[in-house]
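Residues per chain, in single letters:
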Amino acid sequence: METENTVVALQTPFETRRVQCVGLNFVKYLATIHYGESGGLSTSSSEEKISDSTTEFVVDVDYLRSLDPKEWKDQDHYAVLGLKHLRNAATDDDIKRAYRKIVLKHHPDKRKAQGEEIRTDDDYFTCIIRAYETLSVPAKRRSYDSVDPEFDDTLPSQQAVEKDFYGVLGPQFELNKRWSEKRNVPLLGDDNSDRDAVEKFYDFWYNFQSWREYSYLDEEDKDKGQDREERRWIEKQNKQIRIKRKKEENSRIRALVDLAYNNDPRIVRFKKEEKEKKLAAKRAKQTAAQQQKAEEERLIREAELKKQEAEKAEQKRIEQIQKEREAQKRALKKEKKIFRDTMKANDYYAADDKEKLKNMEGIDKICELMKTLELQELNKNMATNGKEAFLKALQETEEKMEEERRRLFGPPKTAATPSANSAVKPAVNRKQLWTLENIQLLIKAVNLFPAGTVQRWEVVANFLNQHATNLGDAKFSAKEVLNKTKDMQHSDFSKSDLKAQTNQNAFESFEKNKKELKVVDNSEISVNDENAEQLANGSTAKVNGTPMVNGKKPEKTESKEEAATTTTTTVEPKTWTKEEQSLLEQAIKTYPVSTADRWDRIAECIPGRTKKECLKRVKELVDQVNAKKKAMAK
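Numbers given for residues are sequential positions, taken from 1 along each chain in its written order. In keeping with the model being predicted, local features are shown solely for residues with a pLDDT of at least 70 and side-chain atom pairs are shown and tallied solely at 80 or more, while totals for entire chains, interfaces and linings include all residues. Note: side-chain values were computed over all heavy atoms of the structure, leaving out hydrogens and water.

Chemist: Help me get a handle on the packing of helix 9 (residues 165-176) against helix 11 (residues 228-263), residues and values and all.
Modeler: Simply put, an axis is a line fit to the C-alpha atoms, just over the touching stretch for a helix, and the angle between two N-to-C directions goes from 0 to 180 degrees. Only DSSP runs of H or I reaching four residues or more are called helices, and only runs of E reaching two or more are called strands; each is numbered from the N terminus. Their axes nearest at 11 Å, the elements helix 9 and helix 11 cross at an angle of 150°. Taken together, the axes of helix 9 and helix 11 are roughly antiparallel relative to one another. Our pair here, helix 9 against helix 11, has a crossing hand that is left-handed. For the pair helix 9 and helix 11, contact is made by Phe165, Leu169, Gln172, Phe173 and Asn176 and by Arg252, Ile253, Leu256, Val257, Leu259, Ala260 and Asn263, respectively. Only Asp, Glu, Lys and Arg are considered charged in this grouping, and only Ala, Val, Leu, Ile, Met, Phe, Trp, Tyr, Cys and Pro are considered nonpolar; every other residue, Gly among them, is considered polar. Looking at the contact of helix 9 with helix 11 residue by residue, the classes come out as eight nonpolar, three polar and one charged. An angle below 35 degrees is read as roughly parallel, one above 145 as roughly antiparallel, one from 65 to 115 as roughly perpendicular, and any other as oblique. With the far helix as reference, a near helix turned anticlockwise by less than a right angle produces a left-handed crossing, and one turned clockwise produces a right-handed crossing. In this description, contact between two residues means that some pair of their heavy atoms is separated by no more than 4.5 Å.

Chemist: Go over the nonpolar core, please, and point to the residues and values.
Modeler: Joining through side-chain atoms within 4.5 Å is the link that ties buried Ala, Val, Leu, Ile, Met, Phe, Trp, Tyr and Cys residues into a set, and such a set is a nonpolar core. Think of it in three bands: residues with accessible area under 20% of the maximum for their type are buried, residues over 50% are exposed, and the middle band is partly exposed, with areas taken using a 1.4 Å probe on protein chains only. In terms of nonpolar packing, the biggest core is built from 24 residues, with Leu64, Val80, Leu81, Leu83, Ile102, Ile128 and Leu135 touching the most fellow members. Mapped onto this core, the elements with two or more residues apiece are strand 2 (56-60), helix 3 (77-80), helix 4 (92-106) and helix 6 (125-136). If sequence neighbours within four positions are ignored, Val80 has contacts with Val59, Tyr63, Leu64, Leu67, Gln75, Ile102, Cys127, Ile128 and Ala131. By size, the runner-up hydrophobic cluster in this structure holds 22 residues, among which are Val185, Ile253, Leu259 and Phe270.

Chemist: Help me get a handle on unusual backbone geometry, residues and values and all.
Modeler: Both trends apply: most residues other than glycine have a negative phi, and most peptide bonds are in trans. Positive phi, normally seen in glycine, also occurs at Asp347, with a value near 55°. As for its position among the elements, Asp347 is in the loop between helix 12 (265-345) and helix 13 (353-369). Positive phi, close to 50°, is recorded for Tyr349, a residue that is not glycine. With respect to the helices and strands, Tyr349 occurs in the loop between helix 12 and helix 13. Given a relative accessible area of 14%, Tyr349 falls into the buried group.

Chemist: Requested: an account of helix 9, with residues and values cited.
Modeler: Given a helix with a known number of residues, its expected span is that number minus one, times 1.5 Å. Under the 1.5 Å per step criterion, the end-to-end length of helix 9 is 17 Å for 12 residues, consistent within 8% with the ideal 16 Å. Among the residues of helix 9, Phe165, Leu169, Gln172, Phe173 and Asn176 are the ones counted as buried. For helix 9, the angular spread of buried residues about the axis comes to 95°, placing them on one side. In this structure, the buried side of helix 9 is in contact with helix 8 (158-163), helix 10 (195-206), helix 11 and helix 12. The N-cap of helix 9, judged by a side-chain oxygen 3.1 Å from the amide nitrogen of Gly167 a few residues on, is Asp164. Note that the arc is defined by the directions from the helix axis to the C-beta atoms. What qualifies as a polar contact is a pair of N or O atoms within 3.5 Å, subject to a donor-acceptor requirement within protein and to the restriction that residues adjacent in sequence count only when both atoms come from side chains.

Chemist: Mind laying out the layout of surface pockets, listing which residues take part and the relevant values?
Modeler: With a 1 Å grid spanning the protein atoms alone, the term cavity applies to any set of points in which a 1.4 Å probe fits but cannot get out, the term pocket to an open set with protein on both sides within 12 Å along at least five of seven lines, and the term lining residue to any residue with an atom within 4 Å of a point. Grid points are joined across faces, edges and corners, and a volume is the space filled by probe spheres set on the points. Roughly 1,400 Å³ of internal volume is contained in the second largest pocket. Lining the second largest pocket we find 36 residues, and of these Ile443, Lys444, Asn447, Gln581 and Glu585 sit closest to its centre. Of all the secondary structure elements, the ones that give two or more residues to the lining of the second largest pocket are helix 17 (436-448), helix 19 (478-490), helix 23 (578-590) and helix 25 (611-633). Top contributing element to the lining of the second largest pocket by residue count: helix 25, with 10 residues. By residue class, the composition of the lining of the second largest pocket is 15 nonpolar, 12 polar and nine charged.

Chemist: So what's going on with the packing of aromatic side chains? Which residues, and what values?
Modeler: Between 30 and 60 degrees the pair is tilted, below 30 it is stacked and above 60 it is edge-to-face, where a pair is any two Phe, Tyr or Trp rings, Trp via its six-membered ring, whose centres lie within 6.5 Å. Summed over the entire model, instances satisfying the criterion amount to 20 aromatic pairs. Taken together, a centroid distance of 5.0 Å and an interplanar angle of 85° make the contact between Phe151 and Trp179 edge-to-face. In this pair, Phe151 is assigned in the loop between helix 7 (138-146) and helix 8 and Trp179 in the loop between helix 9 and helix 10, connecting sequence segments 28 residues apart. Among the aromatic side chains, those forming a connected cluster through ring pairs are Phe173, Phe201, Tyr202, Phe204, Trp205, Tyr206, Phe208 and Tyr261. Should the NZ of a Lys or the CZ of an Arg lie within 6 Å of a ring centre and within 35 degrees of the ring normal, that charge is described as sitting over the ring. Its end group placed over the ring of Trp72, Arg130 keeps NZ or CZ at 4.9 Å from the ring centre. Above the face of the Trp576 ring, Arg609 is positioned so that its terminal group lies 4.2 Å from the ring centre.

Chemist: Just give me the short version of the side chain of Thr590, but keep the residues and values in it.
Modeler: Among the structural elements, Thr590 can be located in helix 23. A distance of 2.7 Å separates a polar side-chain atom of Thr590 from the backbone oxygen of Gln586.

Chemist: Please give an account of the confidence of the model for the protein chain that cites residues and values.
Modeler: Here pLDDT means the predictor's own confidence in every residue, given as a number from 0 to 100. Looking at the protein chain as a whole, its pLDDT mean stands at 77, while 74% of the residues score no less than 70. Averaged over each element, pLDDT in the protein chain is lowest for helix 22 (residues 560-565) (37) and highest for helix 10 (93). Counting contacts from residues 1-45, a segment whose pLDDT is below 50, to residues more than four positions away or on other chains yields 30 contacts. Here residues 414-425 is a poorly scored stretch, pLDDT under 50, and it has two contacts once near neighbours within four places are set aside; other chains count.

Chemist: An account of the environment of Asp92 is needed here, citing residue identities and associated values.
Modeler: Residue placement: Asp92 occurs in helix 4. For the pair formed by Asp92 and Val137, sequence separation is 45 residues and the distance between their alpha carbons is 9.1 Å.

Chemist: Before we move on, could you go through the pattern of salt bridges and cite the residues and values that matter?
Modeler: The term salt bridge refers to a pairing of a side-chain nitrogen on Lys or Arg with a carboxyl oxygen on Asp or Glu at a separation within 4 Å. On inspection of all chains with the given rule, the structure shows 38 salt bridges. Arg111 is the partner of Glu116 in a salt bridge, and the nearest nitrogen-oxygen pair spans 3.2 Å. Salt-bridge contacts for Lys177 lead to Glu174; the nearest nitrogen and oxygen are separated by 3.1 Å. A relative accessible area of 38% places Glu174 in the partly exposed class. Through salt bridges that share partners, Asp76, Arg87, Asp148 and Arg178 make up one connected network.

Chemist: Account for helix 13, with residues named and values stated.
Modeler: Owing to its 3.6 residues per turn, the α-helix aligns residues three or four sequence positions apart on the same side. Look at helix 13: 24 Å from first C-alpha to last across 17 residues, which is about the 24 Å you get at 1.5 Å a residue. Among all positions in helix 13, only Leu357, Asn359, Met360, Glu361, Gly362, Ile363, Asp364, Lys365, Ile366 and Cys367 are buried.

Chemist: Describe in detail a negative patch on the surface, supporting the description with residues and values.
Modeler: Two distance rules govern patches: like charges are joined within 9 Å, and nonpolar side chains (Val, Leu, Ile, Met, Phe, Trp, Tyr) within 5 Å, applied only to residues with over 30% relative accessible area and no salt bridge. Surface exposure here means Shrake-Rupley accessible area, sampled with a 1.4 Å probe, where a residue is shielded only by the protein chains that are shown. Counted as positive: Lys and Arg. Counted as negative: Asp and Glu. His and the chain ends are not counted at all. Every charge is mapped to an atom, namely NZ of Lys, CZ of Arg, CG of Asp or CD of Glu. A grouping of Glu396, Glu398, Glu399 and Glu403 is seen on the molecular surface, where their side chains present a negatively charged patch. Relative to the assigned elements, Glu396 resides in helix 15 (residues 387-409).

Shown next, in the form of structure tokens:
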């Protein structure tokens, strides 16, 4: 009897027949030959091993027989095909070969031939077919692998992680890397991993993209819908459930990564190093800021000290200059006083009043032009030579004044005499238009139209053109009026030709009205220089011990005793002429408040007027101005 095709040959003289061996015993014999003494399907063991040249497939027969074909979705497809030990690592070729091997042994016909009773309605072979249909199609296998029943989704406890961080979480990340859509998944590593590797690991897992999808767990099959609307509704419900499970999966992965990050000793070490580094940088920055602040304060202190020293030095220099100037002023004032006293003691070296007035004018010129040393020399010469030294000094002073005038205005021009037949009119000398009367009109117009008047200088020019004399066809322009006003403000009155002409006219008027002069008693008014200056400025002064406010005496009832002790001689004052008024105004401008013996010098500029009369006139003018202001205010 042979093993594969057993043929029983009956040798007879007549024929030869071929006999096929059949029956249960023969099948057991074949199984023994192929699978050993166990017989492959022997009921003595629940597992059977099917091997080929590359892979060993382990099939649990008891598990297969326990399956219900109606609950095929709850079965372990890998266990059904004998690939439980490989699971998701099994290749498509492994699945095909496993299926072929198991079909050869567990096909209903094979088992029926072995005498096994087969129930067609609930035979487990249907589960084998379902397992192969699921695992052989990539999309269905991916769906099943997403809900692999052998995969444990639970996370380790906090105590376990704290006890053995790398031993507990290392395998967890190793298991979960199978869900990554990206390849080359970084793993947890160990305590020796560098910072870049650790940061790369957490960066990857915090942005982990899982391919798990839960369509295998759909509660209803959309293909069972009766129409399109029902199928769409089923698909919508299933999609919502998948999204919810996908969110839960993402939360699980995030919780796993958070658990690792919060307990990672390397992160603790890195944070500590970073904190120390920041503290060191902060301390260094604070130290640098303190040093910079200290340096700035030092520089500020040094600058302050230098500034104080410079201010002290400058103050000393200014004080020294002021002392020198004061000394020079005192010396000049002393020499001027000596000079004036000498002239006054010698009755101004004059034989008559005309010469006296001329010499008095010369005194002012000399005092204005000569300096301290020159005055000292002049006083020495006058002590010996007297009048000759004075006249020589006066002549030299007038020559200097003439030279200065020529330097500023040039030599005087002589106008050409036009011929009788000439039709061209002679040119008008603009300087000759400024007579004494016109200058007085200019002063009056400037006072009538103060600063702020619209087109002030055109208005002043029109006023002069209307009231001026000896103009002829000539007219004053606004520019000419403005220049003349500036020239009068900046010019020295003592050196001007106007003063000489005014003095001459005043002297003639003095000679004419000499007999009409009336002497005012000294007891009528007693005003010192300081009070006169205050009256000129419109402030409070005292007259005979009584305070005067803006030139007015405050209302106060005088006692009988005071009235009895005060004796006043009333003299009718002489009226001030226009020439005298103009001379008074120009003299006040020429000699400021700081001028020594100011009112004496002002009185000298106005022939026929005493110092007291000048002060009284200023008082009257102040009263007029204040009254005008009050009227305008009302």
